[in-house]
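Close look at the chain arrangement
The primary structure of each chain is shown beneath.
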Amino acid sequence: MEVDQLQRTFHDYHASLFNEGFLDEQFVQLQQLQDESNPGFVVEVVSLFFEDSERLLNDLSKALDQVNVDFRKIDAHVHQLKGSSSSIGAQRVRNACIAFRNFCDERNIEACLQCLQQVRQEYLLVKTKLEALLRLEQQIVAAGGASPM
């Protein structure tokens, strides 16, 4: 694919992530922090988000699997995941975390387990979408175009 076509594909895909509510304005701000002196900034921050999210999701699974569920610990994990998803603009993950925290306050184990599945699903969706966006960026650069980020 030629550079112009790749760039059009990138911009259309990028717009769809906002239109579908996967990303919000925070992601644009993250992109604006990337420049020639730090060309891998967005990839680095997004990769850290993936690592942190997977660790937190595993911690949440373990915490909810305990005989005596510590809702304060669960709430702390969800709060951390909400913060990290907010920082990169992963809007749907953040919104699922808000609902999750409400059920932690109510100490509702069944609802927390359902929310964990919802958060995990939203995380996996945004991860797939961001990986595709970053691959498109790499293809543009490899084809000789300027980074669209």
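Above this note sits the structure.
Note on numbering: residues in each chain are counted from 1, in written sequence order. Thresholds applied to this predicted model are a pLDDT of at least 70 for local features of residues and 80 or more for the giving and counting of side-chain atom pairs; totals over whole chains, interfaces and linings are not thresholded and use all residues. The side-chain quantities take in all heavy atoms of the structure and omit both hydrogens and water.

1. Some remarks on helix H2 (residues 25–32)
Filter applied, for reference: Throughout this description, buried means an accessible area under 20% of the type-specific maximum (1.4 Å probe, protein chains only), exposed means over 50%, and partly exposed covers the range between. Where helices and strands are cited, they refer to DSSP runs of H or I of at least four residues and of E of at least two residues respectively, numbered from the N terminus. An arc is given here, and it is the one of the directions from the helix axis to the C-beta atoms. Any two residues whose heavy atoms approach within 4.5 Å are treated as being in contact. Distance and chemistry together define a polar contact, namely a pair of N or O atoms within 3.5 Å, with one atom able to donate a hydrogen and the other to accept it when in protein, and with adjacent residues in sequence counting only for side-chain atoms on both sides.
Every buried residue of H2 is accounted for by Phe 27, Val 28, Leu 30 and Gln 31. The buried side chains of H2 occupy one side of the element, clustering within an arc of 155° when seen end-on. Exposed residues pointing more than 90 degrees away from the buried face of H2 are listed as Glu 25 and Gln 32. Those residues of H2 hidden inside the fold are in contact with helix H1 (3–19), helix H3 (41–64), helix H4 (71–88) and helix H6 (109–142). Capping of H2 at its N-terminal end is provided by Asp 24; its side-chain oxygen lies 3.0 Å from the backbone amide nitrogen of Gln 26.

2. Quick notes on the nonpolar core
We apply this condition: Buried residues of nine kinds, namely Ala, Val, Leu, Ile, Met, Phe, Trp, Tyr and Cys, make up a nonpolar core once their side-chain atoms join them within 4.5 Å.
Formed by 41 residues in total, the largest nonpolar core has its most connected members in Phe 27, Ile 74, Phe 100, Val 126 and Leu 130. At the level of secondary structure, the elements contributing two or more residues to this core comprise H1, H2, H3, H4, helix H5 (91–105) and H6. At eleven residues, H6 tops the list of elements feeding residues into this core. Not counting chain neighbours up to four residues away, the residues in contact with Phe 100 comprise Leu 60, Leu 64, Ile 74, Val 78, Cys 112, Cys 115, Leu 116 and Val 119.

3. Description of the packing of aromatic side chains
Basically, it comes down to this: For Phe, Tyr and Trp, rings pair up if their centres lie within 6.5 Å, where Trp contributes its six-membered ring, and each pair is then called stacked (planes under 30 degrees apart), edge-to-face (over 60) or tilted (otherwise). A ring is considered to have a charge above it if a Lys NZ or an Arg CZ atom is located within 6 Å of its centre and within 35 degrees of its normal.
Tallied over the entire structure, the rule returns three aromatic pairs. With a centroid separation of 6.1 Å and 50° between ring planes, the pair formed by Phe 49 and Phe 50 is classed as tilted. Since its relative accessible area comes to 10%, Phe 50 is described here as buried. Each ring, one from Phe 49 and one from Tyr 123, has its centre 6.0 Å from the other, and the planes form 65°; the classification is edge-to-face. Of this pair, Phe 49 sits in helix H3 while Tyr 123 sits in helix H6; the two residues are 74 residues apart in sequence, bridging distant segments of the chain. Its relative accessible area of 2% is what places Tyr 123 among the buried residues. Grouping aromatic residues by their ring pairs yields a cluster made of Phe 49, Phe 50 and Tyr 123. The ring of Phe 22 has Arg 92 sitting right over it, with the charged end atom 3.9 Å from the ring centre.

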